[in-house]
Amino acid sequence: MNREPLLEVRDLSVSFHSRDAVVHAVNRVNFVLHPGEVLGVVGESGSGKTVTMMALLGLLPSPPARISAEAVRFDGQKLLSLPPDRLRAIRGHRIGFIFQDPMTSLNPVLTVGYQIMEPMRHHLGLTRVQARDRAVELLDLVGIPDAARRLNDWPHRFSGGMRQRVMIALALACDPQVLVADEPTTALDVTIQAQILELVRSLREKVGMAIIWITHDLGVIAGLADRVMVMYAGQIVEQAGVGTLFEAASHPYTRALLGSVPDAGGVRRDRLMAITGQAAVLYRPPEACPFHSRCDEAVARCREEVPKRHSCGEEHDVACFRR
């Protein structure tokens, strides 16, 4: 794998401002993504997974969002300082995004074919005929039968699983270098979920793109990702190769997540762990370990300082004083 990062993020923070409060949703996040790599991003709802990725692509309205970072570079370009037209030229072209809910992500008053063809005509300069031919290829690639005819259908004529396949085709329309998938199988039944995951694996092999897969499902991550980033309360608390994470998780939160599911990474558990309490709403930047109030291993220092990520093995780092 090419070790030169395709995407590099340093000290990214996102806060949301209202008249009554400021919520610090993401706090000093750092990570890289290499060409052809699948990076899994896991954590509870509200941990900052989606906000982090939407901030990179300029998808958060400002106000109320305020975004700051030391650097956010994609293929050498500083994303956060790009003018809106240049950022739009990257978003949907070189970086594709699959949104979480397939039932509401497609425009109900435009045909599926139009929605797939329009980005290709805009970003790639294809003619209508060329774009249509390519759209048929994409629908066929993602497993939609009778693709040429279904190009003229409206979104409501597709099932949830088929809509998600259309969303994948739309995200792939302009041959992106990076695909960001925001819990794309959460709303689907188990059978359709397995089909979508198999589709993504095969597309990765055929197209060679890098993938950021956002999910709370550790079972999905075990079978898909190369590397895993665990987020809690807007921070990355652990990052490791997928095998290392499942075999030797270091952060108490990561271990609690693994212990809360019956089968993760091939380990069957007869007794599940419960993570007591709730994640704090961050009305101010954290002044202590954000997990300390829910952690059985917390010591006095955990309540007084924010731990910094440090190495605890090859390509394995953790933000914990006890490790």
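Residues numbered from 1 in each chain as written. Predicted model: local features only at pLDDT ≥ 70, side-chain atom pairs only at ≥ 80, totals over all residues. Heavy atoms only, no water.

Q: Help me understand the overall build of the chain in this model?
A: Looking only at helices and strands, one finds ten helices and 15 strands in the chain. Relative to the globule expectation of 20 Å for 323 residues, the C-alpha radius of gyration of the chain, 20 Å, shows essentially globular dimensions. Counting only C-alpha atoms and orienting by the principal axes, one finds that the chain spans roughly 65 × 45 × 40 Å. Per-residue burial over the chain gives 49% buried out of 323 residues. The long-range share in the chain, meaning contacts at least 24 apart out of those at least 6 apart in sequence, stands at 63%. As presented, the chain carries roughly 15,500 Å² of accessible surface, and 49% of it is formed by carbon and sulfur atoms. (Helix = DSSP H or I, 4+ residues; strand = E, 2+ residues; numbered from the N terminus. Rg over C-alpha atoms; globule rule 2.2 N^0.38 Å. Buried < 20%, exposed > 50% of the residue type's maximum accessible area, 1.4 Å probe, protein only. Contact = heavy atoms within 4.5 Å. Areas by Shrake-Rupley, 256 points an atom, 1.4 Å probe, with all protein chains shown as cover.)

Q: Explain the pairing of strand 14 (residues 310-313) here, please?
A: Relative to strand 15 (residues 316-318), strand 14 runs antiparallel, the two being bridged by three bridges. By the bridge assignment, S311 is partnered in strand 15 with D317. The hairpin formed by strand 14 and strand 15 contains two residues between the paired strands, and E315 there has a positive phi angle of roughly 50°. (Pairing = 2+ DSSP bridges.)

Q: What's the story with the sheet that holds strand 7 (residues 95-98) in this structure? I'm lost.
A: Within a sheet, each strand pairs with its neighbour through backbone hydrogen bonds, oriented either parallel or antiparallel. Here eight strands make up an open sheet; going across it, the order is 7-8-9-3-10-11-15-14 and the pairing mixed. Of all the strands in the sheet, just strand 7 and strand 14 have a single pairing partner and so form its edges. The sheet shows a mean angle of 20° between the axes of neighbouring strands, direction not considered. Looking at chain direction, strand 11 (residues 235-241) and strand 15 are connected through two bridges and run antiparallel. Following the sheet pairing, Q239 is matched in strand 15 by D317. Strand contacts of helix 10 (residues 252-259): strand 10 (227-232) and strand 11, with the helix running at about 105° to strand 10, the strand carrying the most contacts. (Axes fitted to C-alpha atoms, helices over the stretch in contact; angles between N-to-C directions.)

Q: Explanation requested: the packing of helix 6 (residues 160-172) against helix 7 (residues 190-207) in the structure shown.
A: Angle between the axes and distance between the axes: these two values describe a pair of packed helices. In the contact formed by helix 6 and helix 7, the axes pass within 10 Å of each other and the chain directions differ by 20°. By the criterion of interaxial angle, the relationship of helix 6 to helix 7 is roughly parallel. Crossing geometry of helix 6 relative to helix 7 is assigned as right-handed. Along its contact with helix 6, which presents G161, Q164, R165, I168 and L172, the element helix 7 presents I192, Q195, I196, L199, V200 and L203. The class makeup of the residues in the contact of helix 6 with helix 7 is seven nonpolar, three polar and one charged. (Parallel < 35°, antiparallel > 145°, perpendicular 65-115°, else oblique. Left-handed = near helix turned anticlockwise from the far one by under 90°. Nonpolar A, V, L, I, M, F, W, Y, C, P; charged D, E, K, R; others polar.)

Q: Is there a simple way to think about the pattern of salt bridges in this case?
A: Side chains that differ in charge, positive against negative, can pair when their charged atoms come close. One pass over the full model with this rule turns up 15 salt bridges. Close ionic contact of D146 with R149 constitutes a salt bridge, the shortest N to O distance being 2.5 Å. Overall, the relative accessible area of 45% leaves D146 in the partly exposed class. Judged by relative accessible area, R149 falls into the partly exposed class, the value being 47%. (Salt bridge = Lys/Arg side-chain N within 4 Å of Asp/Glu carboxyl O.)

Q: Any chance you could explain helix 3 (residues 112-123) here in plain terms?
A: Structurally, the α-helix is built with 3.6 residues per turn, so residues lying three or four positions apart point the same way. Taken as a whole, helix 3 has its buried residues at V112, G113, Q115, I116, M117, P119 and M120. Summarising the contacts, the buried residues of helix 3 are in contact with helix 4 (128-141), helix 5 (147-150) and helix 6. Following helix 3 by one or two positions, G125 has its phi on the positive side, about 70°.

Q: Before we go on, may I ask you to explain the packing of aromatic side chains in this structure?
A: Given two aromatic rings, one states the distance between the centres and the angle between the planes to describe the pair. Per the stated rule, a full pass over the model turns up four aromatic pairs. Judged by centre distance (4.6 Å) and plane angle (55°), the ring pair of Y232 and Y253 falls under tilted. Placement of the pair is Y232 in strand 10 and Y253 in helix 10, with a sequence separation of 21 residues. The class of Y253 is buried, set by a relative accessible area of 0%. Between Y253 and F291, the aromatic rings sit 5.3 Å apart at their centres with planes inclined by 65°, giving edge-to-face as the arrangement. One end of the pair, Y253, is in helix 10; the other, F291, is in the loop between strand 13 (267-268) and strand 14, and 38 residues separate them in sequence. (Phe/Tyr/Trp six-rings, centres within 6.5 Å; stacked < 30°, edge-to-face > 60°.)

Q: Would you mind showing me how to read the environment of P285 here?
A: You can see P285 is positioned in the loop between strand 13 and strand 14. Its relative accessible area of 42% is what places P285 among the partly exposed residues. A sequence separation of 51 residues divides P285 from G234, and the C-alpha atoms of the two residues are 9.7 Å apart. With residues near it in sequence (within four places) discarded, P285 still touches H24 and N27.

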